[in-house]
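In case you want the letters, here they are:
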Amino acid sequence: MTTERNHIDLTALVCVLTLMVLSLYVVYSASATVALERWGSSSKLMVLHVVKVMVSFVLIIVFMNIDYRIYQRWTKRILLAAVVLLVATALMGGEVKGAARWLRFGGFSFQPSEFARFALLFHLCTLLAVKQHRIRDLVKGFLPMVVWIGIVLLLVLVQPNFSTGVMILGVSMVLLFVGGVNTGHLLLVSAGAVPALAVYMVSAPYRMKRVLAFIGFAEDTAGKLNYQVWQGMIGFGNGGLFGVGPGESKQRDFFLPESYGDFVFSIVGEEYGLIGTIVMMTLFLVLMLRGLKIAKHAQDEYGRLLATGITLSITAYALVNAAVTLALLPTTGLPMPFVSYGGSSMAFSAAAIGVLLNISSYTDMHPRWKRLHRFGTKKRPESVPAVGQVY
């Protein structure tokens, strides 16, 4: 009455671990000057980042060993908890740069929007898997999911956190499409959501200023067009093909704001050059391809949707972050997954990767060798039994 587990997808795991190890070098270099100036120690932020990487690694191991199917019975409660945390953030969250996005507990800070985006993803996968027989029904199938998306989106926008809100909406819409909802219903929601988000985007002067700066019609407080992006581009230019070398960045010396956070990709480009940026994005590309392959071989609809959503959510963040630092998109506050300094993003992304790896262990992609005790030989199984199949 048990389901056989196989080996996890090592390629996906190696990609994530490589990114996390690379982040140790990049964050230390990018934060050294700032840490020395503020705390008198160039390794201050590095030490904190090492702790976050170690915690994230533990989370991968833990969630890798939990059967992904047990989440189905808990996703609604988890999402409700995420909504409560978002409300608490709006009412009493710590304000950073004019936005209340953090809850603080003693010396720790926590970003509920990171928790909420994965909680929503898991619950949408549950609803799509459970309601397959009526998924194309507007009232009973589609609208309940739209309501959950709308609640989370509204609470994230209230913080305000426009970039995360847009990513939540985008990933959710793609997930609904993959889940088989009526395309007409999706187009109807998009027709209303896109104009509403456009109005919201220009409703605040600083957001409007970012858009105008991106298209070249506004100046920032430093008197230069898109100062942060401009400094990031200088970093890429300094790096050239092979980079200036580890620890030799000039832009980190108070030229590039958020050099160890949202714009860490620019430091990668400066110190490791075009080759370094290609290697990093190749790791995300391989992770995306492995994630989609895991989804293709998943043993049930819930696993297929969950693997797709996790893969899309993480790799889309990486793509948008890289596009912003290369001046291909307006400036946002989205981190580079597993590389940027920050605990909430790395921890929840790591837990999600653990779930993805657990899904891979129930596919027939990496079968275990089985020992036949009667003959004392080993045999590779042709495939893994389907979920619930009796052995």
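This report concerns the structure included in the present document. Bear in mind the structure is a predicted one, so any value in this text is a computation, not a measurement.

Attention now goes to unusual backbone geometry. Glycine aside, the phi torsion of most residues is negative, and most peptide linkages are trans. Residues Q159 and P160 are joined by a peptide bond in cis, for which omega reads 0°. Among the structural elements, P160 can be located in the loop between α5 (138–158) and α6 (162–178). Here F254, not a glycine, exhibits a phi torsion of approximately 70°, which is positive. Mapped onto the fold, F254 is located in the loop between α9 (227–239) and α10 (264–297). Phi is positive for A327, close to 65°, though the residue is something other than glycine. Among the secondary structure elements, A327 is positioned in the loop between α11 (301–325) and α12 (343–360). Judged by its relative accessible area of 34%, A327 is partly exposed.

Further remarks concern the packing of α6 against helix α7 (residues 183–203). With their axes 11 Å apart at the nearest point, α6 and α7 run at an angle of 175° to one another. Classed by the angle they form, the pair α6 and α7 counts as roughly antiparallel. Contact residues: F162, V166, L169, M173, L176 and F177 in α6; T183, L186, V189, S190, A193, L197, Y200 and M201 in α7.

Considering all chains together, one arrives at eight aromatic pairs under this definition. Between Y71 and F122 the ring centres are 5.7 Å apart and the planes differ by 80°, which places this aromatic pair in the edge-to-face class. Linking Y71 in the loop between α2 (44–64) and α3 (75–92) with F122 in helix α4 (residues 112–130), this pair joins segments that are 51 residues apart in sequence. Assigned by exposure class, Y71 and F122 land together as buried.

Moving on: the side chain of T325. One can find T325 in helix α11. Taking the relative accessible area as the measure of exposure, T325 reaches 0% and is therefore buried. Among the polar contacts made by the side chain of T325, one reaches the main-chain carbonyl oxygen of A322 at a distance of 2.8 Å. Aside from chain neighbours lying at most four places away, what touches T325 is M233, F236, D262, F263, F265 and S266.

This paragraph deals with the side chain of Q228. Checked against the element boundaries, Q228 lands in helix α9. The class of Q228 is buried, set by a relative accessible area of 18%. A polar contact of 3.0 Å, which involves the side chain of Q228, links it to the backbone oxygen of P257.

Turning to the environment of L285, a few remarks are in order. Mapped onto the fold, L285 is located in helix α10. Given the relative accessible area of 44%, L285 is considered partly exposed. Placed 34 residues apart in sequence, L285 and L319 show a C-alpha to C-alpha distance of 9.5 Å.

Scanning the model with the defined rule gives five salt bridges in all. Residues R304 and E301 are paired through a salt bridge, measuring 2.6 Å at the closest nitrogen-oxygen approach. Remark: E301 and R304 occur in helix α11; sequence separation between them is three residues, near one turn of the helix. According to the relative accessible area criterion, R304 is partly exposed, its value standing at 25%. Its relative accessible area of 25% is what places E301 among the partly exposed residues.

Here we come to the packing of α6 against α11. Axis separation between α6 and α11 bottoms out at 10 Å; the angle between their running directions is 145°. As for how α6 packs across α11, the hand of that crossing is right-handed. Residues T164, M167, V171, V174, L175 and V178 of α6 form the contact with α11, whose own contacting residues are R304, L305, T308, G309, L312, S313, A316, Y317 and V320. Residues belonging to the contact of α6 with α11 are distributed by class as follows: ten nonpolar, four polar and one charged.

Cut-off values and rules
- Residues numbered from 1 in each chain as written.
- Predicted model: local features only at pLDDT ≥ 70, side-chain atom pairs only at ≥ 80, totals over all residues.
- Heavy atoms only, no water.
- Helix = DSSP H or I, 4+ residues; strand = E, 2+ residues; numbered from the N terminus.
- Buried < 20%, exposed > 50% of the residue type's maximum accessible area, 1.4 Å probe, protein only.
- Axes fitted to C-alpha atoms, helices over the stretch in contact; angles between N-to-C directions.
- Parallel < 35°, antiparallel > 145°, perpendicular 65-115°, else oblique.
- Contact = heavy atoms within 4.5 Å.
- Phe/Tyr/Trp six-rings, centres within 6.5 Å; stacked < 30°, edge-to-face > 60°.
- Polar contact = N/O pair within 3.5 Å; in protein donor to acceptor, adjacent residues only side chain to side chain.
- Salt bridge = Lys/Arg side-chain N within 4 Å of Asp/Glu carboxyl O.
- Left-handed = near helix turned anticlockwise from the far one by under 90°.
- Nonpolar A, V, L, I, M, F, W, Y, C, P; charged D, E, K, R; others polar.

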